[in-house]
Amino acid sequence: MLSLIYSQRKSLRIHRYFLCPIQILLSFHSLPSQAAPFSAKPSKPNSRHDPNSPKPASKSVPQSNSFPKTENTNQEAVLATLSGYSNDWNRAFEFFNWVVAEYGFEHSTETYNRLIDILGKFFEFDLAWNAIEQMRKSSYSMPNHNTFRILFKRYVSAHLVEEAISTYNRTEEFNLKDELSFCNLIDALCEYKHVIEAEEMCLGKHLCADTKIYNMILRGWSKMRWWGKCSEFWEEMDKRRVHKDLYSYSIYMDIMCKRGKPWKAVELYKEMKKKGIQLDVVAYNTVLQAMGRSEGVDFSIRLYREMKELGVEPNVVTCNTIIKLLCENGRIAEAYKVLDQMRVRGCAPNVITYHSIFGYLEKPKDIFKLFDRMKITGVRPTMDTYVMLMRKFGRWGFLRPVFFLWEKMEEHGLSPDGHAYNALIDALIQKGMVDMARKYDEEMLAKGLSAKPRAELGAKLVSEGWKMVDSDDLK
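Quick summary incoming for the structure in this document. (Residues numbered from 1 in each chain as written. Predicted model: local features only at pLDDT ≥ 70, side-chain atom pairs only at ≥ 80, totals over all residues. Heavy atoms only, no water.)

## Comments concerning the state of the cysteines
Next up, step 1: For the structure shown, the criterion picks out zero disulfides.
Next up, step 2: Here Cys 190 is not cross-linked by a disulfide; its sulfur's nearest cysteine counterpart is in Cys 202, at 7.2 Å.
Next up, step 3: Residue Cys 190 is classed as buried on the basis of its relative accessible area of 0%. (Disulfide = S-S within 2.5 Å. Buried < 20%, exposed > 50% of the residue type's maximum accessible area, 1.4 Å probe, protein only.)

Structure follows, in structure tokens:
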């Protein structure tokens, strides 16, 4: 069917400007997987790229200026397709090149950024920098702050801190070395638990750090769950006479909740009120959670009513917090009532809303009923949704629902990630289907995804990682 559509499109010679996005995608999907004209062998996961090193000419990304810039729908289609290949960089790169070669499509900064994010996820930093070099050749696709924010994030998540800092220094070439780029670098360092380096850059040298920077570092210590350091840093802010704003208190209240001391978060809330700091919906959401854990869900509902009386409009996170607290207390029926009221109040549920309920449902029938409702109301299940439900059914020993979800995931254009493969493999092993589990394990490795070693599949840990051995050796 797909081949027929592709051949008919070519025979009719439809002008590319009027080709609908769906036809573009169908045409690509009708082709067998093949190496992109500018593809390269995947670099090793532990490979390091120096942003200052010369760029190999053989790994360039093509560009074209023959596609009209007003094709917003096509831009959206390309972005959506690239997102669908977020767990398969080869396929994403093939599509990126194919849409240029086939239709003369001109990639925008947004589509380049999406590709760079996917390449960075799989440590293909050479290709990412080649893409940036191509971006400079067109005013329609010039690198922006988000381009380098993505690179900072991918470098630091791979623990390539020196490369991230070198990339920040290179932003000067693009007239982007400013306060925003510096904040993006610090944010990436704190997000991926390199807070020590971030603190040295900001507080250990002559650089002047304001409340915004202090808040980033405080959130970084929270990410590392170094609760003692969080308290020490909070006190240090007072010693250095750093102004604590609404966001400072919101972060520290969240720390107290995660630390298992929700009553201290409630105390901070009262301190804020005494200081005359007006709470926004984000701060109220943290207090709602803290109050629900320390004093019970009914107190959270009272605070929910109070915030509405004060003119603070609840958002979807507010409702999600109430729903989760109700579910944790076994009040599932009341949680469904809140879900029913959300759309009426102009607060559409999101995927986390449904996740909050999925986690507490105990009957497959109820799960699939809510799953159908989720799709009907326009909330698209994410990879996390499928992984959560596959694991749930796998623990229960129900294999048919696991395969049903696997098929639905692929039908919805999602490329399985490592967590999805591991959930499926675990379910198969639990049912004794080792041969089929091995098949998916090999498929996972072929895609460059990390598989965990399993004795059932003939894998054992060794000093340099893990390797396959004969199952008889494990007996």
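## Re the pattern of salt bridges
Next up, step 1: Counted under the stated rule, the structure contains 25 salt bridges.
Next up, step 2: We note a salt bridge from Asp 238 to Lys 244, for which the minimum N-O separation is 2.9 Å.
Next up, step 3: A salt bridge links Lys 258 to Asp 254; the nearest nitrogen and oxygen atoms lie 3.1 Å apart. Separated by four residues within a single helix, Lys 258 and Asp 254 lie in helix H13 (residues 246–258), roughly one turn from each other.
Next up, step 4: Taking the relative accessible area as the measure of exposure, Lys 258 reaches 42% and is therefore partly exposed.
Next up, step 5: A single salt-bridge network, built from bridges that share partners, covers Glu 133, Arg 136, Arg 170 and Glu 173. (Salt bridge = Lys/Arg side-chain N within 4 Å of Asp/Glu carboxyl O. Helix = DSSP H or I, 4+ residues; strand = E, 2+ residues; numbered from the N terminus.)

## Section: the packing of helix H20 (residues 364–376) against helix H21 (residues 383–396)
Next up, step 1: Viewed as axis vectors pointing N to C, H20 and H21 meet at an angle of 170 degrees, and their least axial separation amounts to 12 Å. Regarding the angle of H20 to H21, the classification is roughly antiparallel. At the point where H20 passes H21, the crossing takes the left-handed sense. Within the contact between the two elements, H20 uses Pro 364, Ile 367, Phe 368, Phe 371 and Met 374 and H21 uses Thr 385, Tyr 386, Leu 389, Lys 392, Phe 393 and Trp 396.
Next up, step 2: Of the residues belonging to the contact of H20 with H21, the class tally is nine nonpolar, one polar and one charged. (Axes fitted to C-alpha atoms, helices over the stretch in contact; angles between N-to-C directions. Parallel < 35°, antiparallel > 145°, perpendicular 65-115°, else oblique. Left-handed = near helix turned anticlockwise from the far one by under 90°. Contact = heavy atoms within 4.5 Å. Nonpolar A, V, L, I, M, F, W, Y, C, P; charged D, E, K, R; others polar.)

## Considerations on helix H4 (residues 89–103)
Each α-helix winds once per 3.6 residues, and so residues spaced three or four apart point in a common direction.
Next up, step 1: Spanning 15 residues, H4 covers 21 Å between terminal C-alpha atoms, matching the ideal 21 Å at 1.5 Å per step.
Next up, step 2: Most of H4 sits inside the fold, with 12 of its 15 residues counted as buried.
Next up, step 3: What H4 keeps buried is the set Trp 89, Arg 91, Ala 92, Phe 93, Glu 94, Phe 95, Phe 96, Asn 97, Trp 98, Val 99, Val 100 and Tyr 103.
Next up, step 4: Trailing H4 by a residue or two, Gly 104 shows a phi angle of about 65 degrees, which is positive. (Expected span 1.5 Å × (residues − 1).)

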